[in-house]
Amino acid sequence: MDNPITVSPTALTNLLTVSALLFLMPLLFVLLWKKRCGKAASLLPLFLGAAGFIVSARILELGVHMVCIVLDNPVSRFINGNTLVYVLYGASMAGIFEECGRYVVLAFLMKKKLSRENIVMYGIGHGGIEVWSVTLMSMISLLAIVLALQAGGPDALQMLGISMSDGASLAVVQAAAGFSAANGALAVIERFFCMFLHIGLTVVVGYGVMTGQKRYLPFAILAHMAIDILPALSQRVVVGVWLVEGWLFVCAVLTTLWAVLLYRKMPGSKTPKPAEANCGV
């Protein structure tokens, strides 16, 4: 074989550990918030948040990406051929689809459960399903590659539909085979930051819904776009991964502080019930 692949002795352990941590992360957020708020925080917004992300980001947004990025047409060639346009497109699509998705669910589907506690729970669901459906699934894919390599070598990868003659596939296989503890820590830390970003942006949108101040939706869209600028630049190999992680950390801190200020100004619910509206931050 032209491209022999050697699996790192720790790759399997690292992938299993990271997968377990990513699986547990959203559950930990749910348990801690329920413990803090009790009955004031319903589980229904958790599932609505998950559904909101799937519909807005994984169906609608990806549908637009398929036309504007993946398929070969004049629009995709223009976007992919210009780094600035690519970055602005990616950041704006993420901001518009996800924040508008939050707004629609909070404003129309959560009318009867629109409390500050439930708004946070929605954010946990939105961010948590992203952890599971994007990052965790990526780890499971890498884990399958490592197991295949250990079981039957490169030839076993054909069972997974992976062709070693394809450059992109080869890069993924090499990433799986050499998956390090540092790679795993980076993935977990990034998703941890993003959980706070999703919760914080949900609070921003939710505050606008509860108070009738429509300007908070465009505020959230612009904030989301700003957050995604460096990750989009990283996809074009313009900036390094550590700069992106530092940026996400700063954004997570600032967004969380903004959200805490707004959360404290919210009533416990749109029609507050004293026994349920007692979950402060």
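Residues numbered from 1 in each chain as written. Predicted model: local features only at pLDDT ≥ 70, side-chain atom pairs only at ≥ 80, totals over all residues. Heavy atoms only, no water.

Moving on: the nonpolar core. Grouped burial of nonpolar side chains is what soluble globular proteins tend to show. Core analysis: the largest hydrophobic core is formed by 79 residues, its most contacted members being Leu 22, Trp 33, Leu 106, Ile 124, Met 139 and Val 203. Of all elements in the fold, only helix H1 (11-37), helix H2 (44-70), helix H4 (83-109), helix H5 (116-152), helix H6 (167-177), helix H7 (181-211), helix H8 (216-235) and helix H9 (241-265) reach the threshold of two or more residues within this core. When sequence neighbours within four positions are dropped, the list of residues in contact with Leu 22 reads Val 131, Trp 132, Thr 135, Leu 136, Met 139, Ala 187, Val 188 and Arg 191. (Core = buried A, V, L, I, M, F, W, Y, C linked by side-chain atoms within 4.5 Å. Buried < 20%, exposed > 50% of the residue type's maximum accessible area, 1.4 Å probe, protein only. Helix = DSSP H or I, 4+ residues; strand = E, 2+ residues; numbered from the N terminus. Contact = heavy atoms within 4.5 Å.)

Turning to the packing of H5 against H6, a few remarks are in order. Contact pair H5 / H6: the axes reach a minimum separation of 9 Å and the direction vectors enclose 80°. Relative to H6, the element H5 is oriented roughly perpendicular. Facing Leu 142, Ile 145, Val 146 and Leu 149 of H5, the residues of H6 in contact are Val 172, Val 173, Ala 176 and Ala 177. Class assignment for the residues of the contact of H5 with H6 results in eight nonpolar, no polar and no charged. (Axes fitted to C-alpha atoms, helices over the stretch in contact; angles between N-to-C directions. Parallel < 35°, antiparallel > 145°, perpendicular 65-115°, else oblique. Nonpolar A, V, L, I, M, F, W, Y, C, P; charged D, E, K, R; others polar.)

Time to look at unusual backbone geometry. The residue Val 237 is not glycine, and still its phi comes out positive at about 60°. Mapped onto the fold, Val 237 is located in the loop between H8 and H9.

Turning our attention to a nonpolar patch on the surface. A cluster of nonpolar residues, Trp 247, Phe 249, Val 250, Val 253, Leu 254 and Leu 257, forms a patch on the protein surface that exposes about 530 Å² of accessible area. Within the secondary structure, Leu 257 sits in helix H9. Here Leu 257 falls in the exposed class, since its relative accessible area comes to 53%. (Patch = residues over 30% accessible without salt bridge, like charges linked within 9 Å, V, L, I, M, F, W, Y side chains within 5 Å. Areas by Shrake-Rupley, 256 points an atom, 1.4 Å probe, with all protein chains shown as cover. Salt bridge = Lys/Arg side-chain N within 4 Å of Asp/Glu carboxyl O.)

The geometry of H7 relative to H8 is characterised by a closest axis approach of 8 Å and an angle of 160° between their N-to-C directions. When the axes of H7 and H8 are compared, the pair comes out roughly antiparallel. The interaxial crossing formed by H7 with H8 has right-handed handedness. Across the interface between the two elements, Leu 197, Leu 201, Val 204, Val 205, Tyr 207 and Gly 208 of H7 pack against Tyr 216, Ala 220, Ala 223, His 224 and Ile 227 of H8. Here the residues of the contact of H7 with H8 are counted per class, giving nine nonpolar, two polar and no charged. (Left-handed = near helix turned anticlockwise from the far one by under 90°.)

The end-to-end C-alpha distance of H7, which contains 31 residues, comes to 45 Å, matching closely the 45 Å that a straight helix rising 1.5 Å per residue would cover. For H7, the buried fraction is high: 22 of the 31 residues fall into the buried class. Gly 212, located one to two residues past H7, shows a positive phi value of around 75°. (Expected span 1.5 Å × (residues − 1).)

Glancing now at H6. Leu 170, Val 173, Ala 176 and Ala 177 are the residues of H6 that are buried. Considered in projection along H6, the buried side chains sweep an arc of 120° and stay on one side of the axis. Facing away from the buried side of H6 by more than 90 degrees, the exposed set consists of Gly 167 and Ala 168. (Arc of directions from axis to C-beta.)

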